[in-house]
Amino acid sequence: MISPYRKYRYTITCLLVLLSTACAPGNKLIGNPQAPYPLETPPEVGQIVHLPTGVLVNEGQMLELATNNRIVYVGETHDNPASHRLQLTVIKAMAERYPGKVAIGMEMFTPAQDATLQEWTDGELTEKEFLKEVGWYKIWTSDYDLYRDIFEFAREQHVPIIGLNADKKTVKAVVISDFPELPAETLEKIPEIDLTDPYHRAMTQSIYGGHGESEGMLAGFHRAQTLWD
């Protein structure tokens, strides 16, 4: 079993190495900071890699490490069924370890839809009514079948679902104007945001990539991306 303390030690060590390398004039980062200890051979289907250490773990070890955390992010490729099976596996593990204390945050919904999401988990809406109320095929458009098991589990176990996304009006306002220039009613919808993180800014610049060189447009995109994240 991999100790979580060992994970943090390797993470901190890796961060210190990256910082010292970045400070040296003319030096370039070596390797991938997201996977500092890559496998010696290409990964195989079904393998689970503990990225901070490069150690292969089994599903039980992965779930123990994941559920040690208060907040767990599980990414996805929207049209990949395996992504959604993994999400459900993690959700079930969290719900089993912390019964009655788990909520599912989903990026395709906004806080304005939380009441409808609660109606779904309370069993007050049919599936057809739910999809219509949240505008699934207008807003998200991905195949609902890929997510159905997650929604059914949340409904059966009464696990709250929370909308994480910012509404389009707020995102548009953030793109156009810097935060100090926004009206009070818009600022009320925005959490505390840090625009100074150099790693997040570098990621944003790489995403922005081929969209032109306007610094003003990049700044607006950076604010919007940070708001989403």
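Look above for the structure.
Residues numbered from 1 in each chain as written. Predicted model: local features only at pLDDT ≥ 70, side-chain atom pairs only at ≥ 80, totals over all residues. Heavy atoms only, no water.

Engineer: Hey, could you go over unusual backbone geometry for me, with residue numbers and the actual values?
Structural biologist: The phi dihedral of T141 is positive, around 70°, even though this residue is not glycine. You can see T141 is positioned in the loop between helix 6 (136-140) and helix 7 (148-157). One non-glycine residue with positive phi stands out, namely H158, at about 55°. Here H158 is to be found in the loop between helix 7 and strand 4 (161-163). (Helix = DSSP H or I, 4+ residues; strand = E, 2+ residues; numbered from the N terminus.)

Engineer: Let's hear about the pattern of salt bridges: which residues, and what values?
Structural biologist: For the structure shown, the criterion picks out 2 salt bridges. For R148, the salt bridge is made with E127, and the minimal N-O distance between the two is 2.7 Å. Here E127 lies in helix 5 (residues 127-134) and R148 lies in helix 7, a separation of 21 residues in the sequence. The class of E127 is partly exposed, set by a relative accessible area of 25%. D145 is the salt-bridge partner of R148, the closest N and O atoms lying 2.1 Å from each other. Members of the salt-bridge network, linked through shared partners, are E127, D145 and R148. (Salt bridge = Lys/Arg side-chain N within 4 Å of Asp/Glu carboxyl O. Buried < 20%, exposed > 50% of the residue type's maximum accessible area, 1.4 Å probe, protein only.)

Function-wise, these values are silent; they only describe arrangement.
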